[in-house]
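Letter by letter, the chains look like this.
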Amino acid sequence: MNTRSPSLALLGGAHVHLPDHLYRIDEGGRRVSHVFDRDPARKQELCDRLGAEPLETLDSLDGLDVSGVVVCSETTHHEADITAALKASLPVFSEKPLAGSARAAQAVASLAEEHDLLLQTGYFFRTIPALRAARDWIDHGRLGRVSAARMLFSHDGGYADWLDLGGWMTDPERACYGGFVDEAVHAIDALQWMLGPIDSGHAVTGNALGWPVDDHGASVLRFDCGAAGVVEAGWTDTRMRLELDIVGDEAAISLRDSELVLTPRGATTPIERIRLETLDAGTGILPFLAALDGETKPGLVPPRDAARVNTVLDALDLRLT
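The numbering scheme is per chain: residues are counted from 1 as the chain's sequence reads. Given that this is a predicted model, residues contribute local features only at a pLDDT of at least 70 and side-chain atom pairs are listed and counted only at 80 or more, while totals for whole chains, interfaces and linings are drawn from all residues. Hydrogens and waters are ignored; side-chain quantities use all the structure's heavy atoms.

A. Quick peek at empty space enclosed by the protein. As defined here, a cavity is a set of points on a 1 Å grid over the protein atoms alone where a 1.4 Å probe fits but cannot get out. A pocket is an open set with protein on both sides within 12 Å along at least five of seven lines, and residues line them when an atom is within 4 Å of a point. Grid points are joined across faces, edges and corners, and a volume is the space filled by probe spheres set on the points. Considering all chains together, one arrives at one cavity of 30 Å³ or more under this definition. Within this model, the largest cavity holds a volume of roughly 110 Å³. His 15, Thr 75, Lys 96, Pro 97, Trp 168, Met 169, Ala 175, Tyr 177, Gly 178, Val 181, Asp 182 and Trp 235 are the residues that line the largest cavity. Looking at side-chain class alone, the lining of the largest cavity contains seven nonpolar, three polar and two charged residues. In this count, Pro and Cys sit with the nonpolar residues alongside Ala, Val, Leu, Ile, Met, Phe, Trp and Tyr, while Asp, Glu, Lys and Arg are called charged and the others, Gly among them, polar.

Here is the structure:
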């Protein structure tokens, strides 16, 4: 069990899911006691709102009496922020993607392993009971040999503008990746978690909104297991959607309209049905908070798995800088 103060340090308040994480932190009886942010106005606002003390430099983490660090800074700063926290011997939760390039992601993953420290990334699909059941069905051989997979994760954030797309997320230097990647990383992580590593692929992105980054796209993938896959994602849908199809020689998994089903080949009706819970990105931090208390909750993402997502992104030529 972590014997440090139950409070946490926050590095950066840029990420759209910060309120979700703050809610879960408060719900679990913890608080953010210190804030570092490269934007002075945002740092002050967060300190005032959270009753936290400002950190002037990342070096201030060394010797700080907190139990862990939450990184919600712009993607380009993840490497520096995570590195500083790990070198201060502090466990880290980072929003996705793990870093702004495959090289940077691999570097922080290696550092976490070298220091034997927890480094969790916000790939919250791993915490969703329905998707965990799908993985179990695959692992238990209920699909047989998997030959094809498709996952779609998209929403209307670009048109509705609840992403604040006039800010850092549409600045290539700070975002590092575009709108397709912003959502596709969840699908790429989930599919590799279910089916194993992606061997190769190709991506096509589009720009419907005129921002300096892409806002939607699709990729065709080949997995080491031989399966072919498709990932579709972006900010330009008419609503929030999560869809999944995984086809094997004995059965298929399908997720539509918040219902996951397992249907044997040749059958006309499913033999298993599971309702999908309301999607909540804040659940991605729950395994991290539990681990700080010496408890185990499903959904921890090994650092190498998170880094492998960045490796796929860069291999697909999706990095913008």
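Once you've had a look at it, read on.
B. Expanded view of the packing of helix 4 (residues 102–115) against helix 10 (residues 303–315). Contact geometry of helix 4 with helix 10 gives a least axis separation of 8 Å together with a crossing angle of 170°. In terms of orientation, helix 4 and helix 10 fall into the roughly antiparallel class. Contacts from Ala 102, Ala 105, Gln 106, Ala 109, Ser 110, Ala 112 and Glu 113 of helix 4 reach helix 10 at Pro 303, Arg 304, Ala 307, Asn 310, Thr 311 and Asp 314. Here the contact of helix 4 with helix 10 is composed, by residue class, of six nonpolar, four polar and three charged. Note on geometry: axes are lines fitted to C-alpha atoms, helical ones only across the stretch in contact, with angles between N-to-C directions running from 0 to 180 degrees. Helical segments are the DSSP runs of H or I of at least four residues, strand segments are the runs of E of at least two, and each set is numbered from the N terminus. Note on terminology: angles under 35 degrees are roughly parallel, angles over 145 are roughly antiparallel, angles of 65 to 115 are roughly perpendicular, and the others are oblique. Every residue pair with non-hydrogen atoms within 4.5 Å of one another is taken to be in contact.

C. Just the sheet that holds strand 12 (residues 251–256), in detail. Note on pairing: DSSP must find at least two bridges between two strands before they are called paired. As summarised here, the arrangement of the eight strands in space is 8-9-10-7-11-12-13-14, forming an open sheet in which the pairing is mixed. Where the open sheet ends on each side, the last strands, each with one partner, are strand 8 (198–206) and strand 14 (272–275). Across this sheet, the average inter-strand angle for adjacent strands is 10°, counted without regard to direction. Relative to strand 9 (residues 216–223), strand 8 runs antiparallel, the two sharing eight bridges. When the bridges of strand 9 are listed, Gly 201 appears paired with Leu 221. The sheet contacts of helix 8 (residues 179–195) involve strand 7 (146–154), strand 8, strand 9, strand 10 (228–234) and strand 11 (241–248), and relative to strand 10 the element is tilted by about 150°.

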